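What follows is the residue order along each chain.
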Amino acid sequence: MTQFNDLNLDPKVLKAIAEAGYETPTPIQAGAIPPALEGRDVLGIAQTGTGKTASFTLPMITLLGRGRARARMPRSLVLCPTRELAAQVAENFDTYAKHTKLTKALLIGGVSFKEQDALIDKGVDVLIATPGRLLDHFERGKLLLTGVQIMVVDEADRMLDMGFIPDIERIFGLTPFTRQTLFFSATMAPEIERITNTFLSNPEKIEVARAATTGENIKQGVVKFAPSRKDRESAEKRALLRRLIDAEGEACTNAIIFCNRKMDVDIVAKSLKKYGYNAEPIHGDLDQSQRTRTLEGFRSGDVTILVASDVAARGLDVPSVSHVFNFDVPSHAEDYVHRIGRTGRAGRKGTAVMICSPRDEKNLEDVERLVQSQIPRLDNPLGTTAADETPDEAEERPRRGRSRRVERNAPKAAERDAKAKPEQSKPEQSKAEQPKAEQPKAETVTEVQQPRPAPAPEAKAEQPRAQQRGRSGRDRRRDDADEQVVGMGEDVPAFILKSFKERRAG
DNA sequence: AAAAAAC
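Residues numbered from 1 in each chain as written. Chains lettered and ligands numbered in written order. Predicted model: local features only at pLDDT ≥ 70, side-chain atom pairs only at ≥ 80, totals over all residues. Heavy atoms only, no water.

Colleague: Sorry, what's going on with the pattern of salt bridges here?
Modeller: Pairing is possible between side chains of opposite charge, provided their charged atoms come close. Within the structure shown, the criterion is met by 24 salt bridges. Here Arg 75 makes a salt bridge to Asp 125, at a shortest N to O gap of 2.6 Å. Here Arg 75 is found in the loop between helix 3 (52-63) and strand 2 (76-79), whereas its partner Asp 125 is found in the loop between helix 5 (113-122) and strand 4 (126-129), with 50 residues between them in sequence. Per residue, the accessibility class of Arg 75 equals that of Asp 125, and both read buried. Several salt bridges converge on common partners, so that one network encompasses Lys 52, Asp 154 and Glu 155. (Salt bridge = Lys/Arg side-chain N within 4 Å of Asp/Glu carboxyl O. Helix = DSSP H or I, 4+ residues; strand = E, 2+ residues; numbered from the N terminus. Buried < 20%, exposed > 50% of the residue type's maximum accessible area, 1.4 Å probe, protein only.)

Colleague: I tried to follow the protein's contact with DNA strand B on my own but got confused; where do I start?
Modeller: For DNA strand B, the set of nearby residues contains 22 residues, the closest of which are Arg 133, Lys 262, Gly 284, Arg 291 and Ser 309. For DNA strand B, the fraction of protein-proximal atoms (within 4 Å) that sit in sugar or phosphate groups is 74%. A distance of 3.4 Å separates a sugar or linking oxygen of DNA strand B from a polar backbone atom of Asn 260. Within the contact set of DNA strand B, a phosphate oxygen lies 2.3 Å away from a backbone nitrogen or oxygen of Lys 262. The leading source of residues in the surface near DNA strand B is helix 6 (residues 131-139), at three residues. Tallied by class, the residues present in the surface near DNA strand B amount to five nonpolar, eleven polar and six charged. (Near = heavy atom within 4 Å. Polar contact = N/O pair within 3.5 Å; in protein donor to acceptor, adjacent residues only side chain to side chain. Nonpolar A, V, L, I, M, F, W, Y, C, P; charged D, E, K, R; others polar.)

Colleague: What is the right way to read the nonpolar core from this model?
Modeller: The nonpolar side chains of soluble globular proteins are, as a tendency, buried together. Of all hydrophobic cores here, the largest spans 39 residues; its most connected members are Leu 9, Leu 58, Met 60, Val 78, Ile 128 and Leu 182. The element that contributes the greatest number of residues to this core is helix 4 (residues 83-96), accounting for six residues. Look past the residues within four positions of Leu 182 in its chain and what remains in contact with it is Ala 36, Arg 40, Val 42, Phe 56, Met 60, Ile 150, Met 151, Val 152 and Val 153. (Core = buried A, V, L, I, M, F, W, Y, C linked by side-chain atoms within 4.5 Å. Contact = heavy atoms within 4.5 Å.)

Colleague: Help me out: how do you make sense of the pairing of strand 12 (residues 323-326) in this one?
Modeller: The side chains of a regular strand alternate between both faces of the sheet. Side chains His 323 and Phe 325 of strand 12 all project onto a buried face; the interleaved residues Val 324 and Asn 326 project onto the opposite face, where all are buried too. With four bridges connecting them, strand 9 (residues 255-258) and strand 12 associate as parallel partners. Across the sheet, the residue bridging to Ala 255 is His 323, located in strand 12. Judged from the four bridges that link them, strand 12 and strand 13 (residues 350-356) form a sheet pairing that is parallel. Of the residues in strand 13, the one forming a bridge with Phe 325 is Val 353. (Pairing = 2+ DSSP bridges.)

Colleague: Sorry, what's going on with the pairing of strand 13 here?
Modeller: Summarising burial for strand 13: seven of the seven residues are buried, a large majority. The sheet contact formed by strand 8 (residues 218-224) and strand 13 spans seven bridges and is parallel. If you follow Lys 224 over to strand 13, its bridge partner there is Cys 356.

Colleague: Help me out: how do you make sense of the UniProt feature "domain: DEAD-box RNA helicase Q" (unreviewed entry) in chain A in this one?
Modeller: Following the UniProt record, one finds the feature "domain: DEAD-box RNA helicase Q" (unreviewed entry) at residues 2-30. Counting secondary structure, residues 2-30 comes out at 45% helix and 0% strand; the distance between its end C-alpha atoms is 7 Å. (UniProt positions renumbered as here; feature names shortened; annotations may be inferred.)

What follows is the structure, given as structure tokens:
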């Protein structure tokens, strides 16, 4: 098997890779690095979680190793759709370029121009940017792109969704024809295809499917929710969310909760905090410093629940998320795939639970058509009809969740996660809650046997684990899977290999 | 109808 040492990378880069603890490149890295080092254009079709970022940072650092940056003329450029993603790429550069003298600047919105200007003036080897802020700098005459030798476009399909393609085309036009282009997208939509035909020259195409999307390692479930009274809807929905989180018990080490609206992100986060959960909101209206702080806290484990808009649906590298909760059914079906793709990364187990209100039914149909299977129905722990009491009041005793303790009841899970996060804060279980025996935490969600249709809804919530299928072989948890991407290219559900357009077409 | 990204 190919090792990083076989890849002709700069010894300084190899040293940093070894120090970071890596030996074996992922398939996208093994495929993209050699042609990139030869100076060829690369078209990488890969999702996040495949090691995509290093597949362009490592050869870039090697190629830029010689030469020096001139004032206002960066030698390379990486474009990302969101600020967080750009910041992540910048971190990656810091890690792998630490033994070199290369300089970099991160140009993203929401922060002052001053520091960014100062760095550009000094001259940088690598510029990492979101399109808006980059063009802003350019228009102020602070930046020349005629010295760009390598240009990277990351998450191109998301750029497309966000309407950045005209900006990207414009930026392409500002760089020299002779540049090398490394282009990454999760899917090849027709518009993406057009861009690559226009701006890439005889690219080496590397296509890698991720094993872990909605395949066997993400357990999915959906809970139908109908409020007892209209004016209680939002409070009851939040109460249901808490019950669903609690039902997962110790298995839920950290989670992302997605809401469709920024306002709901704020409300849900605030409500969870009130009930003693360690939750923080993240969405585009929060200021950048808070977004950064929250994300850092979530990565480090200081924050265990991230309540997020779709700003966090794609691209964000949050290792080892055990659960995704969809507070709403996403209105764009493809967002479902991206959202639940935040869990079950790198061959690990993941759980994705979604709440579906009557008005979300249509969106649910769209999602199920897209993934070409029925998402197993879970029992509503609050009951299907009117509750006798307002759930918010019923559980009003706030639970103390600040203390950190090691997992007690789940030694295996604790072992597995020991490397990543030996401790975690957990809300205390309220006495008012139903006995665990009736609500076994690991069995609340049924395994998806795709593309086999889900079993009858009634049967599965209480089904003992031993009777569930699909637990053999690869399906088992890996103890050492922390950073390694495993099972690549195998057992990929057919739909994930198709473009979203093809999926919609059925 | 919403979210993201520029001021």
